[in-house]
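Structure assessment
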Amino acid sequence: MSTNTASVMVPPTVEQLVILREGVELGEFETSFADSPLWVSARGKHFQVRGVAREVVLCLRDGCRTVSEIRDAIAKTDPDRVPVDQVTETVNRLVNSSIVQYGSESSSSPPKGSGWKLRSAGYFATYVPILSQERLRPITTKLAVLFDPYWMVRLLPVLLIVQIVFWLNSGPRLIGSIASLNQSRFLLFLLCNYAGLFLHELGHAAACTRCGVKHGPIGFGIYLVFPAFYADVSDAWRLPNRKRMIIDAGGVYVTLILAWIALMVYLTTGSAVAEILTAVYGLTAFFSLNPFLRMDGYWLVSDALGIPNLMTANREVTEWGLSKLFRHNGREPQIWCLPERVRRMYFIYYSLFLVFLCYGTCVFYIWYLPRLLHSYPQLLLTFNSAYQTSGLSLATITAGFRIALGTVPAVGMLIYTGRFLYRTMESTGRAMWKAVRGPIAGLSVGG
Ligand SMILES: [Zn+2]
């Protein structure tokens, strides 16, 4: 369970009443692990609750109980599996996470549905909703018919192959020619591109409706450093893995349909904008399918394997590998408890992840960064002279857009690799320090 609040802890007495907070929602979470965690939504935050914490929350599902009652109930179910003396401490941690509260019987009203937070909100630096759930619902209800799993499974590979063939033939050339579009065509391209990104998110939301769960608003935010639309599809956590995969694929499905429409427009009218849009929509689809960034491809792999947080699994395995390398006994990764078949598939994914990380880092530092730094003075000069001669004109915006086009992936890549390396090094270092000095007093893990 993850906790990130820092309120003052009051030690409970064993006769103190404990209740679930109002608005807290619970559900079983389908994973490949034998002891799947409980999924808990509290005050717009999502938690995976395991072990003693899971037992405590389940105890409180039907109403309030005292700490000693909870302890007795847990002891009755399976005294060997759950260390009863951890209950008091666990209750305190649940209070700090705003999942439960100390209170009286009268305040133990039944949980109300509220506040779904987007599945990926934690990875957005900032975000603002644009269209509310109520406004979107009539549209997503109509669009839901498009997300028939039977057709999605058959159409997606065909659309993807069409795009790959198109991209290999002319993709890179077309992306390079965006800046050469005249002003009105450039504006039309920008408009269609952003409309496509919005429709991608609408695809996720409509897939939610198709699968029988609600969706939240669609909005705009900053992911790492990339400006991006998002759809709140956190209700998808209620669904079994296979249905979640329909929602994961909903966005790419729409983007590939748009790419196909743009291709048809280009083939019938010869429009340069339609040709470039085909390439850009295709690029969006490929980028979204990257399974090593928390995007659609990542969630597809995560749901297919039944591993809710692949990035944590990657970090745990890397830390474990590093601790072995330095002859220390690191904490065993959680994925060790997975069934053999899933573990094997996960290791194929992990190997590809390492290749992606190494290849991406090499290409970035050896090829991309030197070229970017070399072209930077010229880009800035162009921007400056455009601003001096015409103020805030389309030429200035185009020059600014070219600077952003170069800078945004660079900053994104730096944050991505930096964060992964920092977290891995930090916890490996902490584990080694602990191995040398013994456990740090007062620090409790697990429960
Ligand atoms: Zn998407």
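Keep in mind the model is a prediction, meaning the values are calculated, not measured. (Residues numbered from 1 in each chain as written. Predicted model: local features only at pLDDT ≥ 70, side-chain atom pairs only at ≥ 80, totals over all residues.)

1. Points about the overall build of the protein
- For the protein, the count of helices and strands is 12 helices and nine strands.
- Expressed as a percentage of the 447 residues in the protein, the buried residues total 30%.
- Counting only contacts in the protein whose residues sit at least 6 apart along the sequence, the fraction spanning at least 24 positions is 72%. (Helix = DSSP H or I, 4+ residues; strand = E, 2+ residues; numbered from the N terminus. Buried ≥ 20, exposed ≤ 12 C-beta atoms within 10 Å, placed from the backbone. Contact = placed C-beta atoms within 7 Å.)

2. So, the confidence of the model for the protein
- Put simply, the protein has an average pLDDT of 79, and 83% of its residues get 70 or more.
- Every residue in residues 105–122 is under pLDDT 50, and counting partners more than four places away or in other chains gives 40 contacts.
- Per-residue pLDDT stays below 50 along residues 437–447; that stretch engages in 11 contacts with residues further than four places along the chain or on separate chains. (pLDDT = per-residue confidence, 0-100.)

3. Focus on the environment of leucine 258
- If you trace the backbone, leucine 258 turns up in helix H7 (residues 241–269).
- Through-space distance from the C-alpha of leucine 258 to that of glycine 282 is 9.0 Å; in sequence the pair is 24 residues apart.
- The residues contacting leucine 258, other than those within four sequence positions of it, are Gly196, Leu199 and Tyr281.

4. What to know about the packing of helix H1 (residues 51–59) against helix H3 (residues 87–96)
- Their axes nearest at 9 Å, the elements H1 and H3 cross at an angle of 75 degrees. In terms of axis orientation, H1 runs roughly perpendicular to H3. Here Val52, Ala53, Val56 and Val57 of H1 come into contact with H3, specifically with Val87, Thr90, Val91, Arg93 and Leu94.
- Across the contact of H1 with H3, the residue classes tally to seven nonpolar, one polar and one charged. (Axes fitted to C-alpha atoms, helices over the stretch in contact; angles between N-to-C directions. Parallel < 35°, antiparallel > 145°, perpendicular 65-115°, else oblique. Nonpolar A, V, L, I, M, F, W, Y, C, P; charged D, E, K, R; others polar.)

5. Some details on H3
- Of all the positions in H3, only Val87, Thr90, Val91 and Leu94 are classed as buried. Buried positions in H3, seen along its axis, are confined to an arc of 105 degrees and lie on one side of it.
- Against strand S1 (17–20), H1, helix H2 (67–77) and strand S6 (100–102) lie the buried residues of H3.
- Looking one or two residues past H3, serine 98 carries a phi angle of roughly 60 degrees, positive in sign. (Arc of directions from axis to C-beta.)

6. Re the packing of helix H6 (residues 183–211) against helix H8 (residues 272–288)
- Relative to each other, H6 and H8 sit at 35 degrees, their axes nearing to 10 Å. When you trace H6 past H8, the crossing you get is right-handed. Residues Arg185, Leu188, Phe189, Cys192, Asn193, Gly196, Leu197 and His200 of H6 touch H8, and the partners they reach there are Ala272, Val273, Ile276, Leu277, Val280, Tyr281 and Thr284.
- Of the residues that constitute the contact of H6 with H8, the class distribution is 10 nonpolar, four polar and one charged. (Left-handed = near helix turned anticlockwise from the far one by under 90°.)

7. Describing the sheet that holds strand S5 (residues 65–66)
- Read from one edge to the other, the open sheet built from three strands follows the order S5-S1-S6, with strand pairing classed as antiparallel. A strand with exactly one partner marks an edge of an open sheet, and here the two such strands are S5 and S6.
- Two strands pair when backbone bridges link them, and S1 and S5 are joined in this way by two bridges, in the antiparallel orientation. Residue pairing in the sheet places valine 18 in a bridge with arginine 65 of S5.
- Lying over the sheet, H3 contacts S1 and S6, oriented at roughly 105 degrees with respect to S6. (Pairing = 2+ DSSP bridges.)

8. Side note on helix H5 (residues 149–176)
- Of all the bends in H5, the largest measures some 65 degrees and sits at serine 170, one to four residues before the proline proline 172.
- Gln163, Phe166 and Leu174 are the residues of H5 that are buried.
- Considering only its buried residues, H5 is in contact with H7 and H8. (Bend = angle between axes of the 7 residues up to and from the residue.)

9. A short note on the environment of isoleucine 276
- Tracing the sequence through the fold places isoleucine 276 in helix H8.
- Accessibility expressed as a C-beta count within 10 Å gives 27 for isoleucine 276, which makes it buried.
- In this structure, the C-alpha to C-alpha distance between isoleucine 276 and isoleucine 175, residues 101 residues apart in sequence, is 6.8 Å.
- Apart from residues lying up to four places away in sequence, isoleucine 276 is in contact with Leu174, Ser177, Ile178 and Phe189.

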